[in-house]
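Coordinate inspection notes
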Amino acid sequence: MTLSLISGVSYRLANDTKIGNCMFSKGEVVTYSSGGYSPYDDCYIYHFINALGEKRMCASQTELTAVEIGNFESTSQG
């Protein structure tokens, strides 16, 4: 099981997942671009790009849990 998301990797959502202000639907494919704690904003910020190339910035008061990360399944076969 992946314990963190990897920048540049595309993921398919195994379940509906809410991260802060963002809602991801089961089966949706997104590419993770970056994320982490922002002291300026006092929250965790995660950046994704959806299948249409649209950028999504998700702000959350808590770090992603193992369960939340587990909902992101890598689409690569490697």
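Above this text is the structure in question.
A brief look at the structure comes next. These numbers were taken from a predicted model, which means no experiment stands behind them.

Moving on, we come to the pattern of salt bridges. Taken as a whole and judged by the stated rule, the model has 1 salt bridge. With a shortest N-O distance of 2.8 Å, Glu28 and Arg56 are connected by a salt bridge. Residue Glu28 is located in the loop between strand S3 (22-24) and strand S4 (29-38), and its partner Arg56 is located in strand S6 (residues 55-60); the two are separated by 28 residues in the primary sequence. Exposure remark for Arg56: the relative accessible area of 18% places this residue in the buried category.

Glancing now at the packing of aromatic side chains. Each aromatic ring pair is described using two quantities: the centre-to-centre distance and the angle formed by the ring planes. Scanning the model with the defined rule gives 6 aromatic pairs in all. Centre to centre, the rings of Phe24 and Phe48 are 5.0 Å apart; their planes meet at 65 degrees, and the pair counts as edge-to-face. Taken together, the residues Phe24 in strand S3 and Phe48 in strand S5 (residues 43-50) connect sequence positions 24 residues apart. By the burial criterion, Phe24 is buried, and Phe48 matches it. Among the aromatic side chains, those forming a connected cluster through ring pairs are Tyr11, Phe24, Tyr32, Phe48 and Phe72.

Overall, antiparallel pairing links the 5 strands, which are arranged S6-S5-S4-S1-S7 in an open sheet. Looking along the sheet, the strands with just one partner apiece sit at the ends: S6 and strand S7 (72-74). Taken pair by pair, the neighbouring strands of this sheet meet at an average axis angle of 40 degrees, ignoring direction. The pairing of strand S1 (residues 10-13) with S7 spans 3 bridges and is antiparallel. In the strand pairing of S7, Arg12 is matched with Glu73.

Each value, and the rule that gives it
- Residues numbered from 1 in each chain as written.
- Predicted model: local features only at pLDDT ≥ 70, side-chain atom pairs only at ≥ 80, totals over all residues.
- Heavy atoms only, no water.
- Salt bridge = Lys/Arg side-chain N within 4 Å of Asp/Glu carboxyl O.
- Helix = DSSP H or I, 4+ residues; strand = E, 2+ residues; numbered from the N terminus.
- Buried < 20%, exposed > 50% of the residue type's maximum accessible area, 1.4 Å probe, protein only.
- Phe/Tyr/Trp six-rings, centres within 6.5 Å; stacked < 30°, edge-to-face > 60°.
- Pairing = 2+ DSSP bridges.
- Axes fitted to C-alpha atoms, helices over the stretch in contact; angles between N-to-C directions.

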